[in-house]
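# Breakdown of the fold
Chain by chain, the residues run as shown.
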Amino acid sequence: MIDFEYAAPTQLDEAIRLLAAAGDGTRILAGGTDIIVQLREGLRSADLVVDIKKISELTQLKLSGDKGLHLGASVSCRRIYDDQNIAASYPGLADAVRIIGGWQIQSRASVGGNLCNSSPAADAIPPLIAYSATAHIAGPGGKRMVPVEEFCTAPGHNILQQGELLVALTLPPQPSNAGSAYQRFIPRNEMDIAVAGAASWVQLDQSGERIEQARIALSAVAPTPVFAVDASEWLKGQVVSEEVFAEAGELAKRVASPIDDMRGTAEYRTHLVGVLTKRTLATACQRARK
Amino acid sequence: MSTEVAPDTQTPATYKVIGTRPVRHDGADKVTGKAVYTDDLHVPNMVFGAFVRSPHAHARIVSIDTSDAEKMPGVLATCTSADLPDPWDKVDNLGEGCVNYAHLSGNVLARNKALYKGHAVAAVAATDSYLAQEAARRIRVEFEPLPATMCVQDAMRNDAPLLHDELITHTLDDKPARPSNIASHIQFEKGNVDEGFAAADVVIEREFKTATVHQGYIEPHVSVALWNEDGRLKIWTATQGSFVVRQQMAELLKMPVSQITIVPCEIGGGFGGKISVYEQPVAAVLSRKCGRPVKIMMQRDEVFEATGPTPASFMRVKLGATKDGKLTAGKAWLAFDAGAFPGGVIGPGAMCVFSCYDLPHATVDGFDVVLNKPKTQAYRAPGSTHVAFATECVIDELAERLKIDPIEFRLNNAAKEGTRRVDGPVYPRVGLVECLQAIQESDHWKTPLTGPNRGRGVACGFWFNCGLKSSVTANVNADGTVTLVEGSTDIGGTRTSIAMQLAETLGITAEDVIPQVVDTDSVGFTDVTGGSRTTFATGLAAHEAALDIQKQMVEQAAQIWECSPDEVTVADGVYQGNGKSLSFKALAVEADKVGIPIVGRGVVDPQCSTNAFAVNLVDVEVDPETGKVTILRFTVCQDAGKAIHPSYVEGQMQGGSAQGIGWALNEEYFYGDDGHMRNASFLDYRMPTCYDLPMIDTIIVEVANPDHPYGVRGVGEVPIVPPPPAIANAIYRATGVRFFELPMSPPTVWNAIKGQTTGE
Amino acid sequence: MKTHVTTTINGATVEFLCQPRQSLLAVLRDELSLTGCKEGCNNGNCGACTVMLDGLPVDSCLVLAVEAEGAEIETVEGIAEQGHLHPLQQCFLEGAALQCGICTPGFLVTAKALLEKNPQPSEQEIRFGLAGNLCRCTGYDKIVRAVQAASQASPES
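Criteria and cut-off values
- Residues numbered from 1 in each chain as written.
- Chains lettered and ligands numbered in written order.
- Predicted model: local features only at pLDDT ≥ 70, side-chain atom pairs only at ≥ 80, totals over all residues.
- Helix = DSSP H or I, 4+ residues; strand = E, 2+ residues; numbered from the N terminus.
- Rg over C-alpha atoms; globule rule 2.2 N^0.38 Å.
- Contact = placed C-beta atoms within 7 Å.
- Pairing = 2+ DSSP bridges.
- Axes fitted to C-alpha atoms, helices over the stretch in contact; angles between N-to-C directions.
- Domains from an automatic or database assignment.
- Nonpolar A, V, L, I, M, F, W, Y, C, P; charged D, E, K, R; others polar.
- Buried ≥ 20, exposed ≤ 12 C-beta atoms within 10 Å, placed from the backbone.
- Arc of directions from axis to C-beta.
- pLDDT = per-residue confidence, 0-100.
- Parallel < 35°, antiparallel > 145°, perpendicular 65-115°, else oblique.
- Core = buried A, V, L, I, M, F, W, Y, C linked by C-beta atoms within 7 Å.
- Left-handed = near helix turned anticlockwise from the far one by under 90°.

Turning our attention to the overall build of chain B. Check the secondary structure of chain B and you find 20 helices and 30 strands. In terms of overall size, chain B behaves like a compact globule, its C-alpha atoms giving a radius of gyration of 27 Å where 760 residues would be expected to give roughly 27 Å. Taking the principal axes of the C-alpha coordinates as reference, chain B spans close to 90 × 75 × 50 Å. In chain B, 80% of the contacts between residues at least 6 apart in sequence involve partners at least 24 apart.

Residue and element names in this part refer to chain A. Read across the sheet, five strands follow the order S4-S5-S10-S6-S7 without closing on themselves; strand pairing throughout is antiparallel. The open sheet is flanked by strand S4 (61–64) and strand S7 (142–147), the only strands paired with a single partner. Each strand axis lies, on average, 20° off the axis of its neighbour in the sheet, ignoring direction. Relative to strand S10 (residues 165–171), strand S6 (residues 134–139) runs antiparallel, the two sharing five bridges.

A few words on the pairing of strand S26 (residues 580–583) of chain B. Residue and element names in this part refer to chain B. Across four bridges, the pairing between strand S25 (residues 574–577) and S26 is antiparallel. Looking across to S26, one finds that Tyr-575 is bridged to Leu-582. With antiparallel pairing between neighbouring strands as the criterion, S25 and S26 make up a hairpin whose turn holds two residues, including Asn-578 at a positive phi of roughly 50°.

Moving on, we get to the domain arrangement of chain B. Residue and element names in this part refer to chain B. Domain assignment breaks chain B into domain 1 (1–13 + 428–462 + 609–760) and domain 2 (467–604). Centre-to-centre separation of domain 1 and domain 2, based on C-alpha positions: 38 Å. Listed by partner, the interface residues are 16 residues for domain 1 and 13 residues for domain 2. Ranked by residues supplied to the side of domain 1 that touches domain 2, first place goes to helix H18 (residues 646–665) with three residues. Class assignment for the residues of the side of domain 1 that touches domain 2 results in seven nonpolar, seven polar and two charged.

Right, let's talk about helix H1 (residues 24–31) of chain C for a bit. All names here are of chain C. Of all eight residues in H1, six are buried, a share of seventy percent or more. What H1 keeps buried is the set Leu-24, Leu-25, Ala-26, Val-27, Leu-28 and Arg-29. Elements in contact with the buried residues of H1: strand S2 (12–18) and strand S3 (50–53).

Residues and elements named next belong to chain B. Looking at where Pro-281 falls in the secondary structure, it is placed in helix H8 (residues 280–290). As for Pro-281 and Leu-252, which are separated by 29 residues in sequence, their C-alpha atoms are 7.5 Å apart. Not counting the four nearest positions on each side in its chain, Pro-281 is found in contact with Leu-84, Val-108, Met-249, Leu-252 and Leu-253.

Residues and elements named next belong to chain C. Across seven bridges, the pairing between strand S1 (residues 3–9) and S2 is antiparallel. Paired with Thr-7 across the strands is Val-14, a residue of S2. Here S1 hands over to S2 after two residues, with Asn-10 in that stretch at a positive phi of 50°.

In this complex, chain B contributes 18 residues to the contact, which on the side of chain A involves 15 residues. Considering each element in turn, the side of chain B that touches chain A owes the most residues, three residues, to helix H20 (residues 746–753) of chain B. Tallied by class, residues from the side of chain B that touches chain A come to eight nonpolar, five polar and five charged.

Interfaces are often sized by the accessible area lost when the parts come together. With 44 residues of chain C at the contact, the number on the chain B side is 41 residues. With four residues, the top contributor of residues to the side of chain C that touches chain B is helix H2 (residues 87–94) of chain C. Tallied by class, residues from the side of chain C that touches chain B come to 22 nonpolar, 14 polar and eight charged.

Moving on, we come to the sheet that holds strand S4 (residues 56–59) of chain C. Residue and element names in this part refer to chain C. Strands sit in the order S2-S1-S5-S3-S4 across an open sheet of five strands; the sheet is mixed. Each having just a single partner strand, S2 and S4 make up the two edges of the open sheet. For this sheet, the mean inter-axis angle between neighbouring strands, taken without regard to orientation, is 40°. Across two bridges, S1 lies against strand S5 (residues 72–74) in parallel orientation. The residue bridging Ile-9 from the neighbouring strand is Ile-73, located in S5. In the packing of helix H3 (residues 104–117) onto the sheet, the strands contacted are S3 and S4, and the crossing angle to S3 comes to about 40°.

The omega torsion of the bond from Leu742(B) to Pro743(B) falls at 0°, within 30 degrees of zero and hence cis. Mapped onto the elements of the fold, Pro743(B) is located in the loop between helix H19 (723–735) and H20. Positive phi, close to 55°, is recorded for Asn611(B), a residue that is not glycine. Examined against the element boundaries, Asn611(B) turns out to sit in the loop between strand S27 (599–604) and strand S28 (612–622). One non-glycine residue, Asn42(C), lies in positive phi territory at about 65°.

A few words on helix H12 (residues 406–413) of chain B. Residue and element names in this part refer to chain B. Taken residue by residue, H12 has Pro-406, Phe-409, Arg-410 and Asn-413 as its buried positions. Take H12 and look down its axis: the buried residues cluster within an arc of 95°, on one side only. Tucked inside the fold, the buried residues of H12 contact strand S18 (327–339), helix H11 (384–401), helix H13 (432–441) and strand S20 (454–463).

We now examine the domain arrangement of chain A. Residues and elements named next belong to chain A. As far as domains go, chain A holds domain 1 (5–51), domain 2 (56–171) and domain 3 (178–289). Just the C-alpha atoms count here: the centres of domain 1 and domain 2 sit 18 Å apart. Between domain 1 and domain 2, the residue contacts involve 12 residues of the former and 19 residues of the latter. In terms of residue count, the dominant contributor to the side of domain 1 that touches domain 2 is helix H1 (residues 12–21) (five residues). Of the residues in the side of domain 1 that touches domain 2, the class split is seven nonpolar, three polar and two charged.

Let us now look at the environment of Leu617(B). Residue and element names in this part refer to chain B. Note that Leu-617 resides in strand S28. For Leu-617, a count of 25 C-beta atoms within 10 Å gives the class buried. In this structure, the C-alpha to C-alpha distance between Leu-617 and Ala-704, residues 87 residues apart in sequence, is 23 Å. Leave out the neighbours within four places in its chain, and Leu-617 touches Ile-439, Ser-442, His-444, Trp-445, Val-458, Thr-635 and Ala-726.

Let us look at the confidence of the model for chain B. Residue and element names in this part refer to chain B. With 98% of its residues at a pLDDT of at least 70, chain B reaches an overall mean of 95. Per-residue pLDDT stays below 50 along residues 1–11; that stretch engages in 23 contacts with residues further than four places along the chain or on separate chains. Scored by ipTM, the complex comes to 0.98, with pTM at 0.97.

Time to look at the packing of helix H3 (residues 101–108) of chain B against helix H7 (residues 242–253) of chain B. Residue and element names in this part refer to chain B. Put simply, H3 and H7 touch, their axes get as near as 10 Å, and they point 85° apart. Taken together, the axes of H3 and H7 are roughly perpendicular relative to one another. Across the interface between the two elements, Tyr-101, Leu-104, Ser-105 and Val-108 from H3 touch Gln-248, Glu-251 and Leu-252 from H7. By residue class, the composition of the contact of H3 with H7 is four nonpolar, two polar and one charged.

Right, let's get into the nonpolar core. Generally speaking, soluble globular proteins have nonpolar side chains that are buried together. Counting residues in each nonpolar core, the largest one holds 405 residues, and the members touching the most others are Leu115(A), Val124(B), Ala125(B), Val369(B), Leu502(B), Ile727(B) and Ile731(B). Apart from residues no more than four positions distant in its own chain, Leu502(B) is found in contact with Ala474(B), Val482(B), Leu484(B), Val513(B), Ala542(B), His543(B), Ala545(B) and Ala546(B).

Residue and element names in this part refer to chain C. In the contact formed by H3 and helix H5 (residues 141–152), the axes pass within 11 Å of each other and the chain directions differ by 40°. Viewed along their axes, H3 and H5 adopt a mutual orientation that is oblique. With respect to the hand of their crossing, H3 and H5 are arranged in right-handed fashion. Along the contact surface, H3 presents Phe-107, Ala-111 and Leu-115, while H5 presents Ile-143, Val-147, Ala-150 and Ser-151.

What follows is the structure in structure tokens.
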């Protein structure tokens, strides 16, 4: 691979300056588990690599009862699941970060990086969507916020403009009767890219028998991770039951437009959407009742 | 958990060293990171090589222009097939299959045509590896793409694009008039199959397909070549056979073997794939051209795309049996990929297809077919896994149809001493029956499997194991320890099991033997570490060397004790004569003071097979919604003859089983329509991880091999054979659906069973 | 243009020069002669290159050497202390948990980290923790048993 310059700014505006000045030959380095492979294989190129792990806003991980979860862009998967409180409050996110690669990958890979890499099969993105997470972006033009479900635009592409970077993700505080889960289907038990993935988030009523609100999001079945709007809407007011989960699974298929590739056929992936939606809804409801 | 079944009564049961579990001699180095593998080597003045590879599955090479690369500062040399001498059309046996040097040369660097995507067409050496890669990109090759053929059935058609214009099928039938992609047609015949099938009450015939699968060693191919100013060539390399590398280098470069030294570094896995040369001749030529040592290490995608996988196959197997479960006839039609050049593993496949059974009538037709994939190589019992998948699935169906227990059916027809295999040889004493019985006695078999979507399957397998040549020398040290010098690359702990045999014969401890694996200048000719021969044959040579030492020690004792050698006796490592008595160690100390050095020599070339049989018992659970198969419990039983070091025998059984499980469930080369492998990385070429497998229980059966003083049989290869059919048979019982294609990956399983889960 | 890096490896301060594109794996092996970690795939899928970086196991092929600035790195060469094998290394040897040995350094680094985080892991926890390390020789059975045996052994012995 062609050599590049390396910078490790400690201030956010220094990073923005570097990104804006160096043109489209700049790549951001967080955990490196995607970008280093891409640079090595010639899928992406870089004149300058900007390491964002020394910028304090991007390394913050904070949970508060009223503000929810503040997840800096370069916070690693491992930091998230190692924090018992965060893992307990946002189990769907914890599910995802535990299975992105093996332990060695999780020690480095960041949720922010998983979002910015914008793979259709990204494991962390469906839970973020299900949690109604917001992406906080900073750039030469200032700061802006974008709902995560609008972040990715095509495989490997997103709404970040020249000079912008993701600073943090925020997830709303979780009411006590909410629960979530993420599951993906892979041929082995670990180390594979998702053939299909589903995240479910539910908020139940006081009795725990009915769903007040729900959000379903899917990975690997469309050009980007996708919010299953029909299924999510339909679940409002439904009882907690296997039949409801199964029906939601069928409705979730409506937003799936998977391809045939070596990891799975379109038919198989569509089928798995139903199975995984059903299973994650069941787990999410179980967790919500606890 | 492992259980040792009571050994055969012909073998003496009391050994001091054999059967124990000493720590391996190279252990400390291997767990502290000190062991030197080839890429760990930094030779002074070393530079780096990189390959240029064909982007096309099949193409004529119109021109190669290396001038832009050569202009780059730091680029020291380039080479193409023009730099290799014209190869001769000569065939040699490399120990795990034969090679034709013309083909080997053409595989190392393409002549005239690129025959698979990734086929090496040129190489370059530069002062650092990044520069070498960049320079390789600047070498301009003009190709004229040709239509490619990617599966055996297509390649065998009359209108298939030809890889080699002059290839005429080698066959017992009349020689074909026209060239084709069928390199050879092997035929075996025993008895009269028509009669045999006529006598059957049930006949089942099935077609099977398997996908291309790679050996998957974690260490890529790597070598450092130094073409010295005195014209001598030294190569440090990751190889299973330093002498066969020397032989190949001598033939490909047309130089005398005496000018070549091959130094085998520690090796990170081989499984049959590190016998044929790839980068060694290229590194040598580059070194000659630039006058510096050249290191070439393949990247992982190069390993997948350009080094030998095992063939994909298409097979048809037909078996007939009487209603009381006696096999009467068998017919097999087998077509295996050879890859880009002839000489694949159809031979052993054809020999093994019915090898577990006493079959009075059989015919086997085997076809070696070239197509636009990398040249296939041996992968642990090459060919046997493919045919076992076919035969063992048909056997399972026959047993079911006849309502006979699958193990009883096999026992009723099992190959035994005196059974003649369809390719001719008659088995000496072998242990298949004992293995089947051991499975019946096992806790696993006796524990019922309960629960939905679960099933249990059985299968057996065979591998010949070879003998071949080994040479060792053993030097008695002044303190009574013995340094054992041998040439068998140690891929799995064999230096210790070889040392243990020497120790047993001499009556000393394993710790008092210091085994060394040395280069081709330092020891006599030794065949490959492969073919399940190493513990057997090199161990036999070590035993011979020990006997030689013993003879010399007796003479020393006689001198010291002033009696005749005939009056000195040896028992359990204690020498006695003329009223005196000394242990080996004590005698060695005395002998060192007064006598000449004691050096033992052992040279062997056993012509026999040691005949290994294995049986698998596996429980699976299938998720009906996803088709994913989970292995719940796995037991492998194998006849080891005599387990010298039981932990390493268990290790071979477990490792081979894991490879067989990967082959059964997830491993395959995905090819696009362009003939390009889509999954040339460990991400999408899915080998089992730790989290995919349960514990693998082992049962070692010991039916002594009559051709070895300690009864040793080879153990390394047969474990990979039974898992795919055992798992297929288990999945059948879990789902009601039989599978005839490998791998049985989740989408495939789901697709086959989804019809059954309607109305859920 | 090379960068000067100062880092700590196995407790000792180390300095080296490297290009930004060089991985930590390449620098450890080629510049610092710490050849214990191995290159198996160069893209984070086999774990043969595992080292500890600031207390966590990482694939060193996916870390840029420049990122080692100010960090603490532990490699397999640092596991044995003062000429004595660590109980985990001893258990690997006694349990025959290696055949060709190429994956062993990676497994030892990861397993040691696993036992330090979770001293009494279940079989499934061990298997999950080691899922990022590929072995092609052993079928993992004896590796898992060696880690179990080590978890029973006292770290002080």
